[in-house]
Amino acid sequence: MCAYRTGFVAVVTLAALTTACGTAVPVSQEAALPAAPSASRTPGGGALSGKIVVIDPGHNGGNAAHPAEINRQVDIITGRKPCNTTGTQTNAGYPEHAFTWDVAGRLRPILEKMGAKVVLTRPDDKGVGPCVTERAAIGNEARADAVLSIHGDGAAPSGHGFHVIMPGLVSGHNDQIIKPSRRLGVDIRNAYRDGTGLPYATYTGVDGLQTRTDLGGLNLSVRPAVFIECGNMRNRGDAAKMSDPGFRERMAVALAAGLRKYLT
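Residues numbered from 1 in each chain as written. Predicted model: local features only at pLDDT ≥ 70, side-chain atom pairs only at ≥ 80, totals over all residues. Heavy atoms only, no water.

A. Here's a closer look at the packing of aromatic side chains. The full count for this structure, using the stated rule, is two aromatic pairs. Both rings, one in F162 and one in Y192, keep their centres 4.7 Å apart while their planes meet at 65°; by these two values the pair is edge-to-face. Placement of F162 in the loop between β5 (146-153) and β6 (163-167) and of Y192 in helix α4 (residues 178-196) is noted, with a sequence separation of 30 residues between them. The pair F162 / Y192 is uniform in exposure class, with both members buried. Ring centres 5.9 Å apart and planes at 65° place the aromatic pair F162 and Y200 in the edge-to-face group. With F162 in the loop between β5 and β6 and Y200 in the loop between α4 and β7 (209-212), this pair connects stretches of sequence that are 38 residues apart. For F162, a relative accessible area of 0% corresponds to the buried category. (Phe/Tyr/Trp six-rings, centres within 6.5 Å; stacked < 30°, edge-to-face > 60°. Helix = DSSP H or I, 4+ residues; strand = E, 2+ residues; numbered from the N terminus. Buried < 20%, exposed > 50% of the residue type's maximum accessible area, 1.4 Å probe, protein only.)

B. Region of interest: the sheet that holds strand β1 (residues 52-57). Pairing in this open sheet of six strands is mixed, and the strands run β4-β1-β5-β8-β6-β7 from one edge to the other. Looking along the sheet, the strands with just one partner apiece sit at the ends: β4 (117-120) and β7. Neighbour-to-neighbour, the strand axes of the sheet open up by a mean angle of 25°, direction not taken into account. Bridge count between β6 and β7: four bridges; the pairing is parallel. Along β7, the bridge assignment pairs I165 with Q210. Sitting on the sheet, helix α2 (residues 96-113) touches β1, β4, β5 and β8 (225-232), and the angle it makes with β5 is about 145°. Contacting β5, β6, β7 and β8, α4 crosses the sheet at an angle of about 30° to β8. (Pairing = 2+ DSSP bridges. Axes fitted to C-alpha atoms, helices over the stretch in contact; angles between N-to-C directions. Contact = heavy atoms within 4.5 Å.)

C. Seen up close, the pairing of β6. The buried count for β6 comes to five of five residues, which makes it a mostly enclosed element. Of the two faces of β6, the one holding H163, I165 and P167 and the one holding V164 and M166 are both buried throughout. As defined by bridge partners, β6 adjoins β8 across three bridges and the pair is classed as antiparallel. Looking at β8, one finds that V164 is bridged to I228. Remark: the β6/α4/β7 crossover connection has right-handed handedness. (Right-handed = clockwise from strand over helix to strand, strands pointing away.)

Interpretation in functional terms is not warranted from these geometric data alone.
Dropping the structure here:
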């Protein structure tokens, strides 16, 4: 198996089940792409024709086995941080990297059905990385109209709910994306709340929104970009929803609605 290594950027879509080396990805319960939602559940026809959306499923399935690679320090302008991390997991062991990969796989066909070109930052859930710097570069090089990085939080179990993270100003670097990223963040927040019924995070942010300057994927982006922490994987209630395939599809449909609102 040829892992997706750091230091190598590939722009890929989930339309082809191939690894970075071009070999077929074995179809498994985790790696298989979810079926596209039915037309009745898909919001719109060709509303996103000509638009480019980059989806960044956080982390990767091979990260934990390659600590030297993911712990390598990279420059994110406001400091230095590890290339990537393993992510969190529910108390029952459902990992964030698998959650983000599944939601991305459900989101892609909805957006494509609306006419968007969809680019992913990793080709499967078995590789390593790519680094946060490379993930930002993929969005930049694709000239994305919107970049959405999907995550699950690992906060204290008493906290629950979701929040959207928007880029803070890093003067001279991301000035031009601050306002459009905020519009993107608000549209994603509103649609996600309406579509899932999940509350705004009780433990961070204000009204489901947060601004940060310590995330390389936002600092280094020159395209409108936001992160979403879809829920707290350490909270029992959030974890139950995030572990449910049917609810993950609700999340994907809601995210698609937010992207559509912003892009149209």
